[in-house]
Protein chains: 2
Amino acid sequence: MLDIKTTKTTTPKELPDKDDPLKFGTIFTDHMFIMDYEEGKGWHDARIIPYQPISLEPSAMVFHYGQEMFEGLKAYKTEDGRILLFRPHMNAKRTNNTCRRLCIPEIPEEDFVQAIKELVKIDKAWIPTKEGTSLYIRPFIIATDPFLGVRPSHTYKFMIILSPVGPYYPEGLNPVKIWIEDEYVRAVKGGIGEAKAGGNYVASLKAQIKAYEEGYSQVLWLDGVHRKYIEEVGAMNIFFKINNVVVTPKLNGSILPGVTRDSVIKMCNHWGIKVEERLISIDEVYNAHKDGLLEEVFGTGTAAVISPVGHLRWENHIMQVEDGGIGPLSQKLYNTLTGIQLGKIEDVYNWTVEVE
Amino acid sequence: MLDIKTTKTTTPKELPDKDDPLKFGTIFTDHMFIMDYEEGKGWHDARIIPYQPISLEPSAMVFHYGQEMFEGLKAYKTEDGRILLFRPHMNAKRTNNTCRRLCIPEIPEEDFVQAIKELVKIDKAWIPTKEGTSLYIRPFIIATDPFLGVRPSHTYKFMIILSPVGPYYPEGLNPVKIWIEDEYVRAVKGGIGEAKAGGNYVASLKAQIKAYEEGYSQVLWLDGVHRKYIEEVGAMNIFFKINNVVVTPKLNGSILPGVTRDSVIKMCNHWGIKVEERLISIDEVYNAHKDGLLEEVFGTGTAAVISPVGHLRWENHIMQVEDGGIGPLSQKLYNTLTGIQLGKIEDVYNWTVEVE
Ligand SMILES: Cc1ncc(COP(=O)(O)O)c(C=O)c1O
Ligand SMILES: Cc1ncc(COP(=O)(O)O)c(C=O)c1O
């Protein structure tokens, strides 16, 4: 159990209007959590303080060598006023997987979840309730040694900030158009693709801009070795429903093991829908589309929940899915997932965790 | 021409003792350079101010999505008191190559070099003169938008800090032992390997620690696709002298185009030594060693200059080079390069730039 020292703000900010549809990631709440790490001393000095800038040496290693990780999850307010988190222990576990890959000291799972709970409780008035909104929770760790030279830092800061958010994509539940990238690579087996590390995201920007310029809102990555197996989308895992079977790339070391991905697989299994986690090549998708067997395509992620894909472009081929509408499985997954998250549907999976 | 506003420190720090061998990257000088970027306004507000911490929002994009780049070069004081930079325009060009890959706004080359010159001039008393020391110059750019979501930032800071340094490796000119990594991958074609981006360095830590634990000081990376072609060392490019020919991996998109690498190639050409920039597999190195043709191996980098490699380990094979001593070519390159940098040898290549 962390002993969290709390200092409340004396100048609370104004809450956003409750009808504000909320842009993603632009507004932050009144408080934040910080905890420091020092070699020999471990994680210490857990505290909740007013949301404020942080001060770092210009030589702090995070600015130079990219030793940083983050997580993302959400808190929801139910109609009867309870506060629910969705599978926070999965994020705690993934944090530690990322930490091991990036040589960052791990954080005990229970401490991770406790810190989130206490912070969310203090800023609970910030949890929005308008349809499609929630409180986005962003835990992250940065390396702070004032040192130039390539080695793991000996000091770190673990922080959590909160942001009331609306839909991640302006499209909302409308199908997005996806660009299949064949020049740039996001991550490769043996690299840090399965870690939630800043370095994976900066690597994705150039292709994302190219896609935007071509009128596409997201990039679908192919593997870096063969340049033919499907990996994932910028901030989502990807699923294909082909001839009544749901197929998604297996976790191979270069894609993020999404919490939503795992939840979708479990829901499909529960409903008796066949799911395959395996290699899936772009040719297979292309051929399935040509043969009229590509029934649905959707992305999954905390920020975007379920995001139907209506249109895929690979080289000069354009694949239109489901006449550009949302498919029945995507819709059912979206309804069930958000229903559970908002406490409207019975949580038979035991996924939600209440903040008391 | 930048209009740089200068504010001098009123509390200068104590200079290190002139006989201090100086650890790498731990001491910083009295001043730093900063310039801000804002979309629509461009780079502005160039200033030199006392060395001090910087204050950033916890949501600053650099902490989350790894949008950061850095450079490294050195200033030297000659025996007759002149201050020399080594090929700073190469670093300016590489900065902009990196910026393009990471979707960071570019910096005019002349502004980059001017900022370095003015800062070095103000802190010139910090340039150490003991054999093997110099003033390390660290320009870097960080993304500062207070925003969660994957896209390029609209605001940045470009900063330069200075550190008086000794040898990068404790071994100095003594040969280092190198571990050839076959599990982890640093970068892959299509990724950001040729950019000087933090994400490449954090990806290297895990293998580096494994190597240390086995008694090796550096990692030599193999390519991420075939896992057999030589790439580079953690912070150096690599050269092999095989049967009288100098061979180094060609620039293929996944390795850093080193300034020292380029200088070594030009010096060898000038001396009539045959140099090949091409694919070189680990098997070729292994076989050359077996046949007694692996004459020298050395790394090249600003921090390490020329670093002879005495010992390579690949899987269970150990290759001992030059009986563990420094080879004649490595020694000649080291002497010539440092001679030019320190103004002791005529600079026939026009590489040095004087800070007046
Ligand atoms: C690269 C990447 N893939 C997939 C996901 C989806 O993961 P999750 O469902 O845990 O949010 C995310 C977002 O978190 C991501 O950033
Ligand atoms: C990954 C990497 N390769 C090679 C080098 C050598 O480049 P340079 O000679 O420009 O210092 C460096 C250091 O700058 C480096 O970080």
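Residues numbered from 1 in each chain as written. Chains lettered and ligands numbered in written order. Predicted model: local features only at pLDDT ≥ 70, side-chain atom pairs only at ≥ 80, totals over all residues. Heavy atoms only, no water.

Structural notes on the packing of helix α6 (residues 259-270) of chain A against helix α8 (residues 328-341) of chain A
All names here are of chain A. The condition that has to hold: Axis angles are defined between N-to-C directions and span 0 to 180 degrees, where every axis is a line fitted to C-alpha atoms and, for a helix, only to the segment in contact. Comment: elements are numbered from the N terminus, with helices defined as DSSP H or I runs of at least four residues and strands as E runs of at least two. In what follows, roughly perpendicular refers to angles from 65 to 115 degrees, roughly parallel to angles under 35, roughly antiparallel to angles over 145, and oblique to any angle outside these ranges. We call two residues in contact whenever any of their non-hydrogen atoms come within 4.5 Å of each other. Note on residue categories: nonpolar means Ala, Val, Leu, Ile, Met, Phe, Trp, Tyr, Cys or Pro, charged means Asp, Glu, Lys or Arg, and polar means any other residue, Gly included.
At a closest axis distance of 11 Å, the pairing of α6 and α8 adopts a crossing angle of 110 degrees. In this view, α6 runs roughly perpendicular relative to α8, as classed from their interaxial angle. Only Leu333, Thr336 and Leu337 of α8 make contact with α6, whose side of the interface consists of Thr260, Ser263, Val264, Met267 and Cys268. Its residues assigned to classes, the contact of α6 with α8 shows 5 nonpolar, 3 polar and no charged.

Considering the relation of the copies chain B and chain A
Quick reminder of the rule: To superpose the copies, least squares is applied to the C-alpha atoms of every residue with a pLDDT of at least 70 in both.
When chain B is fitted to chain A, the best match, at an RMSD of 0.0 Å, comes from turning it 180 degrees and sliding it 0.0 Å along the axis. The symmetry that links the two subunits is that of a two-fold axis.

What about the pairing of strand β11 (residues 218-222) of chain B?
All names here are of chain B. Here is the rule: Exposed residues in this analysis have more than 50% of their type's maximum accessible area, buried residues have under 20%, and partly exposed residues fall in between, with area computed by a 1.4 Å probe over protein chains only. Any two strands between which DSSP finds at least two bridges are classified as paired.
Burial runs high along β11: 5 of the 5 residues are buried. Relative to β11, strand β10 (residues 176-180) is paired through 3 bridges, and the arrangement is parallel. Within β11, the position partnered with Trp179 by the bridge is Val219. Sheet analysis places β11 next to strand β12 (residues 230-233), joined by 2 bridges and oriented antiparallel. Residue pairing in the sheet places Leu220 in a bridge with Val233 of β12.

Overview of the state of the cysteines
In a disulfide, the sulfur atoms of two cysteines are covalently bonded to one another. Residue and element names in this part refer to chain A. Short version of the rule: Cysteine sulfur atoms are paired as a disulfide whenever they fall within 2.5 Å.
Inspection of every chain in the model, using the stated rule, returns 0 disulfides over all chains. Between Cys99, a free cysteine, and Cys103, which holds the nearest cysteine sulfur, the sulfur-to-sulfur gap is 10 Å. For Cys99, a relative accessible area of 0% corresponds to the buried category.

As for helix α3 (residues 109-122) of chain B
The condition is simple: A helix is expected to reach a length of 1.5 Å times the quantity of its residues less one.
Along its 14 residues, α3 of chain B runs 21 Å from first to last C-alpha, staying within 8% of the 20 Å computed at 1.5 Å per residue. Of all the residues in α3 of chain B, the buried ones are Asp111, Phe112, Val113, Gln114, Ala115, Ile116, Leu119 and Val120 of chain B.

Concerning the side chain of Asn200 of chain B
Residues and elements named next belong to chain B. Spelled out, the test is: The term polar contact refers here to a pair of N or O atoms within 3.5 Å; inside protein, the definition further demands a hydrogen-donor-capable atom paired with an acceptor-capable atom, and it admits residues adjacent in sequence only when both atoms are side-chain atoms.
Structurally, Asn200 is set in helix α4 (residues 198-202). Within the structure, the side chain of Asn200 is placed 2.8 Å from the backbone oxygen of Ile192, a separation counted as a polar contact. In contact with Asn200, other than residues within four places in its own chain, are Arg186, Ala187, Ile192, Gly193 and Ala195.

Overview of the site of ligand 1
Residue and element names in this part refer to chain A. Definition in use: Near is defined per residue: the residue qualifies when any heavy atom it owns lies within 4 Å of the molecule or strand. Each accessible area is a Shrake-Rupley result for a 1.4 Å probe, and residues are judged covered by the shown protein chains and nothing else.
In the region of ligand 1, 16 residues are neighbours, and Tyr201, Glu232, Val259, Thr260 and Thr302 sit closest. Note that an oxygen atom of ligand 1 is positioned 2.8 Å from one of the side-chain N or O atoms of Arg94. Backbone polar atom of Val259 to an oxygen atom of ligand 1: 2.7 Å apart, as the coordinates give it. Within the complex, the protein chains bury 96% of what would otherwise be the 380 Å² of accessible surface of ligand 1. Those elements that provide at least two residues to the shell around ligand 1 are α6 and β16 (294-301). The residue inventory of the shell around ligand 1, partitioned by class, reads 5 nonpolar, 7 polar and 4 charged.

Some remarks on the nonpolar core
Stated formally: Each nonpolar core is a collection of buried residues, namely Ala, Val, Leu, Ile, Met, Phe, Trp, Tyr and Cys, held together in the definition by side-chain atoms within 4.5 Å.
If you look at the biggest cluster of nonpolar residues, it comprises 190 residues, and the most contacted ones within it are Phe33, Phe63 and Leu312 of chain A together with Phe33, Phe63 and Leu312 of chain B. For Phe63 of chain B, the contacting residues outside a window of four places in its chain are Ile54, Leu56, Val62, Phe63, Glu68, Phe140 and Ile142 of chain A together with Leu56, Glu57 and Pro58 of chain B.

Topic: the site of ligand 2
Residue and element names in this part refer to chain B. In the region of ligand 2, 16 residues are neighbours, and Tyr201, Glu232, Val259, Thr260 and Thr302 sit closest. The contact in question runs from an oxygen atom of ligand 2 to an N or O atom on the backbone of Val259, over 2.7 Å. Interatomic distance of 2.6 Å between a side-chain N/O atom of Thr302 and an oxygen atom of ligand 2. Relative to its free-state accessible area of 380 Å², ligand 2 is covered by the protein chains to the extent of 96%. If you list the elements that add at least two residues to the shell around ligand 2, you get α6 (259-270) and β16 (294-301). Partitioning the shell around ligand 2 into residue classes produces 5 nonpolar, 7 polar and 4 charged.

Some points on the interface of chain B and chain A
Filter applied, for reference: Here the buried area means the combined drop in accessible surface, using a 1.4 Å probe, for two parts upon being joined, counting both sides. For salt bridges, the criterion is a side-chain nitrogen of Lys or Arg within 4 Å of an Asp or Glu carboxyl oxygen.
Across the boundary between the two partners, chain B contributes 61 residues, which contact 61 residues of chain A. Carbon and sulfur atoms make up 64% of the surface buried where chain B meets chain A, a total of about 5200 Å² over both sides. If you sort the residues of chain B by the area they bury against chain A, Phe63, Leu148 and Val150 of chain B come out on top, with a joint share of 13%. Where chain B touches chain A, the interface holds 0 salt bridges.

Regarding the environment of Arg101 of chain B
Residue and element names in this part refer to chain B. Note on placement: Arg101 falls in helix α2 (residues 88-102). Between the alpha carbons of Arg101 and Asp45 there is a distance of 25 Å; along the sequence they are 56 residues apart. Engagement of the side chain of Arg101 in a polar contact is seen with the backbone oxygen of Gly191, the distance being 3.2 Å.

So, unusual backbone geometry
Residues and elements named next belong to chain A. In this structure, Asn243 is a non-glycine residue whose phi angle is positive, near 50 degrees. Here Asn243 shows up in the loop between β13 (237-242) and β14 (245-248). Residue classification places Asn243 among the partly exposed positions, given a relative accessible area of 48%. Residues other than glycine seldom take positive phi values, yet Asn244 does so here, at roughly 75 degrees. Positionally, Asn244 belongs in the loop between β13 and β14.

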